[in-house]
Amino acid sequence: MSNKIIIAIDGTSSTGKSSLAKRISKKLNYLYIDSGAMYRALTYYAIQKNFISKNHFDKTKLINDIPNIYIDFKNNPINNNFEVHLNGISYEKNIRSLDVSNLVSEIATVNELRQQMVRVQHTLGLNKGVIMDGRDIGTVVFPKAELKFFLEATMELRAKRRFDELFLNDKNITYSEVLKNIKLRDNQDANRKHSPLKKAEDALLINTDNLTLDELELKLLSYINPIITKNL
Ligand code: CDP
């Protein structure tokens, strides 16, 4: 029997979910799936097709176009990360832009898209050995995951983390627009009808405010390792 498990990491933006999931996946030799990147890729597609902009969203056109949208993951041999591909192409830089961030939570409200993404996520989890981060992983995608974490941190700290990250590539970005985006997404993600962001009852709540990534990695591994060993 395989000792591999599914690890779900949910939480608000910039709580350290993806950095931690990436590190832990490398340590355990697990697949890391960034489910947010899937919604970001869908958003990038919708922007390119003029289905969505700051002032308009043609949901019906986007839904009708679902058969033409193919989302999957492929390994990038340069950094050994599993990266999202939209119709066979990786748009890693574009999907992280603030333009995409400002529209992604609107796109993520569309239940027809969510159902399609959950199908892909289930396929990726079939053989276990997966660590997936997002908003609904412990509640909707893998409600039976062996281990679930819910990460939280204060909003200002999260905005500062995200600003520092984005500033590396875009010197025009301001802290206040990043903070505004985080507030907007927190609100949209927690209050949408389908698969809203919420802590699964059996998820472990981890506050990441005063811990370094090294400390957080150790903390999460202290929960993960006993379960993996027990499964042997
Ligand atoms: O990196 P960050 O935490 O800021 O966001 P992300 O994980 O890239 O996710 C971007 C957006 O996608 C979120 O704000 C949600 O609106 C949506 N999302 C979702 O609805 N469900 C998921 N499982 C993952 C992301």
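Just above, that's the structure.
Calculation rules
Residues numbered from 1 in each chain as written. Predicted model: local features only at pLDDT ≥ 70, side-chain atom pairs only at ≥ 80, totals over all residues. Heavy atoms only, no water. Helix = DSSP H or I, 4+ residues; strand = E, 2+ residues; numbered from the N terminus. Contact = heavy atoms within 4.5 Å. Polar contact = N/O pair within 3.5 Å; in protein donor to acceptor, adjacent residues only side chain to side chain. Buried < 20%, exposed > 50% of the residue type's maximum accessible area, 1.4 Å probe, protein only. Lys, Arg positive; Asp, Glu negative; His and termini not counted. Salt bridge = Lys/Arg side-chain N within 4 Å of Asp/Glu carboxyl O. Core = buried A, V, L, I, M, F, W, Y, C linked by side-chain atoms within 4.5 Å. Pairing = 2+ DSSP bridges. Axes fitted to C-alpha atoms, helices over the stretch in contact; angles between N-to-C directions. Near = heavy atom within 4 Å. Phe/Tyr/Trp six-rings, centres within 6.5 Å; stacked < 30°, edge-to-face > 60°. Expected span 1.5 Å × (residues − 1).

A. Local environment of the environment of Arg135. Within the element layout of this structure, Arg135 appears in the loop between strand S5 (130–134) and helix H7 (137–141). Between the alpha carbons of Arg135 and Ile9 there is a distance of 8.0 Å; along the sequence they are 126 residues apart. Every residue in contact with Arg135, bar those within four places of it in the chain, is listed here: Asp10, Gly11, Thr12, Ser13, Lys17, Arg185, Asp189, Arg192, Pro196, Leu197 and Lys198. At 3.5 Å, the side chain of Arg135 and the backbone oxygen of Gly11 are in polar contact.

B. Up close: the side chain of Glu83. Mapped onto the secondary structure, Glu83 falls in strand S4 (residues 81–86). No salt bridge is formed by the buried Glu83, whose closest oppositely charged neighbour, Lys22, lies at an N-O distance of 7.3 Å. Side chain to side chain, Glu83 and Asn79 meet in a polar contact 3.3 Å long. In contact with Glu83, not counting residues within four places along its chain, are Asp72, Phe73, Lys74, Asn76, Ser90 and Glu92.

C. Region of interest: the nonpolar core. Core analysis: the biggest nonpolar cluster contains 38 residues, and Leu42, Leu62, Ile71 and Val84 have the highest contact counts within it. Going through the elements one at a time, strand S1 (6–11), helix H2 (35–48), strand S3 (71–76), S4, helix H5 (98–107), helix H6 (111–124), S5 and H7 are the ones with two or more residues in this core. Excluding its chain neighbours within four sequence positions, the residues that come into contact with Leu62 are Tyr45, Ala46, Phe51, Phe57, Ile69, Ile107 and Leu113. Counting 20 residues, the second-largest nonpolar core is a separate cluster that includes Ile9, Ala21, Phe149 and Ile227.

D. Focus on the sheet that holds strand S7 (residues 204–207). A sheet is described by the order of its strands in space; here 5 strands give the open sequence S2-S5-S1-S6-S7, paired in parallel fashion. Every other strand in the sheet has two partners, leaving strand S2 (31–34) and S7 as the edge strands with one partner each. Ignoring which end each strand starts from, the neighbouring axes of this sheet average 20° apart. Here 5 bridges tie S1 to S5, and the two strands are oriented parallel to one another.

E. Representation of the site of the ligand. In the region of the ligand, 19 residues are neighbours, and Ser13, Arg40, Arg114, Asp136 and Asp189 sit closest. Note that a nitrogen atom of the ligand is positioned 2.9 Å from one of the side-chain N or O atoms of Ser35. A distance of 2.9 Å separates an oxygen atom of the ligand from a polar atom in the side chain of Ser105. Of all the elements in the fold, those that place two or more residues in the shell around the ligand are H2, H5 and helix H9 (175–191). Counting residues per element, the shell around the ligand draws most heavily on H2, which supplies 4 residues.

F. Inspection of the packing of aromatic side chains at higher detail. Tallied over the entire structure, the rule returns 5 aromatic pairs. Three or more aromatic residues link up through ring pairs in this structure, and these residues are Phe163, Phe167 and Tyr175.

G. Inspection of H2 at higher detail. For H2, spanning 14 residues, the distance from its first C-alpha to its last is 20 Å, which sits close to the expected 20 Å at 1.5 Å a residue. Of all 14 residues that make up H2, 11 are buried, and the element is covered over most of its length. Buried residues of H2: Ser35, Ala37, Met38, Tyr39, Arg40, Ala41, Leu42, Thr43, Tyr44, Tyr45 and Ala46, and no others. Its side-chain oxygen 3.2 Å from the backbone nitrogen of Gly36, Asp34 forms the N-cap of H2. Just downstream of H2, Asn50 is the residue with a positive phi angle, here 60°.

Just geometry here; none of it tells us what the structure is for.
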